[in-house]
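Chain and residue survey
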Amino acid sequence: MDTITLTRPDDWHLHVRDGAVLKDVVHWSAARFGRAIIMPNLVPPVTTTQAAIAYRERIMAALPPGSDFDPLMTLYLTDNTPAEEIARAAASGVIQAIKLYPAGATTNSDSGVTDIAHCAEALEAIAAHDLTLCIHGEVTHPHTDIFDREALFLEQRLAPLLDQHPTLRVVLEHLTTKAAVDFVREGPSRLGATITPQHLLMNRNDLLAGGIRPHHYCLPILKRERDREALIAAATSGHPRFFLGTDSAPHALEAKETGCGCAGIFTAPIALELYAQAFDQAGALERLEGFASHFGADFYGLPRNTQTITLERAAQAIPASLPYGDSTIVPLHGGHDIAWRVATPNPHSA
Ligand code: NCD
Ligand code: ZN
């Protein structure tokens, strides 16, 4: 198969930031994806419906003319999010999900949840209003080994949460371990999961062996090869509760290439092509459409997109850096080639 035509995909986990850089990043996603779940970890975080509506307007204003990209907004859950705020979010019509960051788990998560028990009423309201809870699934005790944080979250936090909220719809985001794949497979039908392109294509050697590579650093951190293999098996299995979420997370070059670099990998310009590469390597290109374009919409109870996008097997040079406000940004594999590119509709060229 040298070309593949898909229903236009959606991105179920995306960071587009705010302010001057918004217009430098959001067009990449809009050129490929119909919709995206927009993460709320701005500074300060998007904790109210009013703030989410205003953020959505700034995103819409930053889109290229004529774009029909639809940002699906989220609220950032805190220890103090009132149930009434969840009701307002549901009534807004533009908020699809509430995001749970354990406090301190990742970039801009300081206002996150310190103890899920504090959120019982908000979680009940999320279920009652048929919104979705998206979870960054890592425990945060400083003494816990960074490579164990996701697996421990499953037993210590997620299993009890699913038990205590038996109708809550949950997306466990950016799976990185075989343990998480197994947990989702064995979990209830109201539990879905997203998988990023970097976790399908790389393991921790790509981060640390032969030199430290800050542009391969994200959270949850890359894991072992056997974990990557489990993620590939899940994504290419046709199982409808595993779907696409890039977690494209832009940071300026100087915030990545420094003594204490930020977590986050910028994949938006080539994310769909990266997934095509991963599925192609697994001999499963025919399964890409379900993962990229059908299963996420089905899980969220939204209609599938009607347009299509065609990818072709043809080398594309990934720019070594791209504009990012006053600075620049390095996309994943910047300066290298990738074997796939978008044929139609014409994406913005790099
Ligand atoms: C994300 C970011 O930069 O906002 N970083 C990351 O490594 N994935 C936050 C997140 O999703 O964890
Ligand atoms: Zn993220």
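Residues numbered from 1 in each chain as written. Chains lettered and ligands numbered in written order. Predicted model: local features only at pLDDT ≥ 70, side-chain atom pairs only at ≥ 80, totals over all residues. Heavy atoms only, no water.

The next point concerns the coordination of the zinc ion (ligand 2). Donor atoms from the polypeptide that bind the zinc ion (ligand 2) are His 13 (NE2), His 15 (NE2) and Asp 247 (OD), placed at 2.0 Å. Each of the four donor atoms around the zinc ion (ligand 2) contributes to a set of angles spanning 92 to 139°, which defines the coordination as irregular. In primary-sequence terms, the residues that donate to the zinc ion (ligand 2) follow H-x1-H-x231-D. One end of the pair, His 13, is in strand S2 (residues 11-14); the other, Asp 247, is in the loop between strand S9 (242-244) and helix H10 (253-256), and 234 residues separate them in sequence. Judged by relative accessible area, which is 5%, Asp 247 ranks as buried. (Donors = N, O, S within 2.8 Å, 3.2 Å for Na, K, Ca; no water. Tetrahedral: all angles 85-135°; square planar, octahedral: opposite > 155°, others 65-115°. Helix = DSSP H or I, 4+ residues; strand = E, 2+ residues; numbered from the N terminus. Buried < 20%, exposed > 50% of the residue type's maximum accessible area, 1.4 Å probe, protein only.)

It is worth spelling out the sheet that holds strand S7 (residues 169-172) at this point. In space, the eight strands of this open sheet follow the order S2-S3-S4-S5-S6-S7-S8-S9, with parallel pairing throughout. With one partner strand each, in any of the chains shown, S2 and S9 form the two edges of the open sheet. Here the strands of the sheet are splayed against their neighbours by 30° on average, with no regard to which way each runs. Across three bridges, S7 lies against strand S8 (residues 191-195) in parallel orientation. Residue pairing for S8: Val 171 is matched across the bridge by Gly 192. (Pairing = 2+ DSSP bridges. Axes fitted to C-alpha atoms, helices over the stretch in contact; angles between N-to-C directions.)

Turning our attention to the packing of helix H1 (residues 22-30) against helix H2 (residues 49-62). Running from N to C, H1 and H2 point in directions that differ by 80°, and their axes come no closer than 9 Å. Comparing the axis directions of H1 and H2 gives the class roughly perpendicular. Residues Leu 22, Lys 23 and Val 26 of H1 lie in contact with H2, whose contacting residues are Arg 58, Ile 59 and Ala 62. (Parallel < 35°, antiparallel > 145°, perpendicular 65-115°, else oblique. Contact = heavy atoms within 4.5 Å.)

So, on to unusual backbone geometry. For residues besides glycine, phi is generally negative; the peptide bonds are generally trans as well. Between Leu 219 and the following residue, Pro 220, the backbone shows a cis peptide bond with an omega angle of -5°. Mapped onto the elements of the fold, Pro 220 is located in the loop between helix H8 (205-208) and helix H9 (225-235). A positive phi angle, close to 60°, is found at Arg 17, a residue other than glycine. Tracing the backbone shows Arg 17 in the loop between S2 and H1.

All right, on to the nonpolar core then. Ranked by size, the top nonpolar core spans 100 residues in total, and within it Leu 133 and Leu 175 carry the most contacts. The leading source of residues in this core is helix H11 (residues 271-281), at seven residues. Beyond its immediate stretch of four places on either side in the chain, Leu 175 contacts Glu 150, Ala 180, Val 181, Val 184, Ala 193, Thr 194, Ile 195, His 199, Leu 231 and Phe 242. The next biggest cluster of nonpolar side chains, apart from the first, holds 14 residues, and it includes Met 39, Phe 243, Ala 297 and Phe 299. (Core = buried A, V, L, I, M, F, W, Y, C linked by side-chain atoms within 4.5 Å.)

Attention now moves to the site of ligand 1. Around ligand 1 there are 15 residues in total, and Arg 17, Asn 41, Thr 106, Leu 219 and Asp 247 lie nearest to it. Here Thr 106 contributes a side-chain N or O atom positioned 2.7 Å from an oxygen atom of ligand 1. Backbone polar atom of Leu 219 to an oxygen atom of ligand 1: 2.8 Å apart, as the coordinates give it. Contact with the protein chains covers 100% of the free accessible surface of ligand 1, which is 310 Å². Partitioned by chemical class, the residues of the shell around ligand 1 number four nonpolar, nine polar and two charged. (Near = heavy atom within 4 Å. Polar contact = N/O pair within 3.5 Å; in protein donor to acceptor, adjacent residues only side chain to side chain. Areas by Shrake-Rupley, 256 points an atom, 1.4 Å probe, with all protein chains shown as cover. Nonpolar A, V, L, I, M, F, W, Y, C, P; charged D, E, K, R; others polar.)

What follows concerns the sheet that holds strand S10 (residues 308-317). Strand order in the open sheet formed by three strands is S1-S10-S13, and the pairing between neighbours is antiparallel. Whereas interior strands pair on both sides, the edge strands pair on one side only; in this sheet they are strand S1 (3-7) and strand S13 (337-344). Neighbour-to-neighbour, the strand axes of the sheet open up by a mean angle of 35°, direction not taken into account. Of the strand pairs in this sheet, S1 and S10 are connected by five bridges, and their pairing is antiparallel. Residue pairing in the sheet places Leu 6 in a bridge with Ile 309 of S10.

So, to be careful, I would describe these as geometric facts and stop short of saying anything about function.
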